[in-house]
Amino acid sequence: MRNAALFDLSGRKALVTGASRGIGRSLAEALSAAGADVAVTARSLDSLDETAAAIRAAGGVAHAIALDVTDVERCRAAVGEAARLLGGLDILINNAGVEEVRPSLDVDEALWDRIVDTNLKGAFFCAQAAARQMRDAGRPGAIINLCSLTSEVGIPTAVPYGSSKSGLLGMTRALAAEWAQLGIRVNAIAPGYFRTAMTEAFYDNEAWRQSMLAKIPQHRFGDLRDLHGVAVFLASDAAAYITGQSIPVDGGFLASI
Ligand SMILES: NC(=O)c1ccc[n+]([C@@H]2O[C@H](COP(=O)([O-])OP(=O)(O)OC[C@H]3O[C@@H](n4cnc5c(N)ncnc54)[C@H](OP(=O)(O)O)[C@@H]3O)[C@@H](O)[C@H]2O)c1
């Protein structure tokens, strides 16, 4: 086999949550470019339709499915719908996420629940529904969770978010151990600093930009394309013997703190 074939996702069926914009949309496009048929989900159907249309315009297969991942029954229904539309399910990217910084003394239950239910509970129940599909179909699978630098380090005023992303890393490891017997690999990507709707407000602050750049050995912020290779790799046969791992894509940030 030529080495490139190891990374080929032709014929694979993938579901990406939170794919209406930002990292999720970019990863859905990357999986499609590698050959996968994709289902894209988010709450806002208009933006999601744009993602699906862009993938189809580039020659790919894409279906848009509305999904709020905080609704467990909708997670199950959307995963089932994706498998039906695609003709199976091999890859899940748990990307849907929300963040809001607030001093911990001021965090209320509503903020905690919104962040943890989206980033952690939603990811678990999407993973469970996908794994049931894979098990019932007798097909191996790859699940990729979007972790964060806050999975590894403590960031002040980001405690609900950091708790959800640390939990997601623990979940990645535990599910990897539990589902290896089903042929399902569970890994994570930990992006560093990428400018998206989620993080946009920080980038307008020049003092913040300069202080962050000083902490990133490659001295630049991430480009969404920097995440493509690792996502395709983890989804593909090239990563067949890798499970329970989180790969930072951060320009060297974590390695140097
Ligand atoms: N940007 C970064 O620097 C960075 C760094 C580390 C980790 N991450 C992680 O990467 C992932 C993507 O982040 P991003 O920067 O691309 O953020 P983003 O631009 O705000 O996109 C978030 C996506 O999640 C969807 N979403 C939010 N709440 C949802 C819900 N309840 N149900 C379903 N979908 C929901 C949004 O669509 P709707 O609003 O339409 O639902 C959107 O498609 C997140 O998990 C984030 O924590 C980002």
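Cut-offs and rules
Residues numbered from 1 in each chain as written. Predicted model: local features only at pLDDT ≥ 70, side-chain atom pairs only at ≥ 80, totals over all residues. Heavy atoms only, no water. Near = heavy atom within 4 Å. Polar contact = N/O pair within 3.5 Å; in protein donor to acceptor, adjacent residues only side chain to side chain. Areas by Shrake-Rupley, 256 points an atom, 1.4 Å probe, with all protein chains shown as cover. Helix = DSSP H or I, 4+ residues; strand = E, 2+ residues; numbered from the N terminus. Axes fitted to C-alpha atoms, helices over the stretch in contact; angles between N-to-C directions. Parallel < 35°, antiparallel > 145°, perpendicular 65-115°, else oblique. Left-handed = near helix turned anticlockwise from the far one by under 90°. Contact = heavy atoms within 4.5 Å. Nonpolar A, V, L, I, M, F, W, Y, C, P; charged D, E, K, R; others polar. Salt bridge = Lys/Arg side-chain N within 4 Å of Asp/Glu carboxyl O. Buried < 20%, exposed > 50% of the residue type's maximum accessible area, 1.4 Å probe, protein only.

Near the ligand lie 29 residues; those nearest to it are Ser20, Arg43, Ser44, Tyr161 and Thr196. Measuring from an oxygen atom of the ligand, one finds a backbone N or O atom of Gly18 at 3.0 Å. Here an oxygen atom of the ligand and a side-chain polar atom of Lys165 are 2.9 Å apart. When the ligand is considered free in solution it has 880 Å² of accessible area, and contact with the protein chains removes 96% of it. For the shell around the ligand, the elements supplying multiple residues, two or more each, are helix H1 (22-33) and helix H5 (159-179).

Put simply, helix H3 (residues 72-86) and helix H4 (residues 109-137) touch, their axes get as near as 9 Å, and they point 40° apart. Between H3 and H4, the angle falls in the class oblique. Where H3 crosses over H4, the two elements pack in a sense that is right-handed. Facing H3, whose interface residues are Val72, Cys75, Arg76, Val79, Gly80 and Ala83, H4 presents Lys121, Gly122, Phe125, Cys126, Gln128, Ala129, Ala130, Arg132 and Gln133. Of the residues contributing to the contact of H3 with H4, the split by class is 8 nonpolar, 4 polar and 3 charged.

This structure, assessed with the given rule, holds 14 salt bridges. Among the salt bridges present, the one from Arg195 reaches Glu200, with a minimum N-O distance of 2.8 Å. Judged by its relative accessible area of 32%, Glu200 is partly exposed. A salt bridge links Arg225 to Asp223, with the shortest nitrogen-to-oxygen separation between them at 3.0 Å. On the basis of relative accessibility, which here comes to 29%, the residue Asp223 falls in the partly exposed class. One salt-bridge network, held together by shared partners, links Glu100, Arg102, Asp108 and Arg114.

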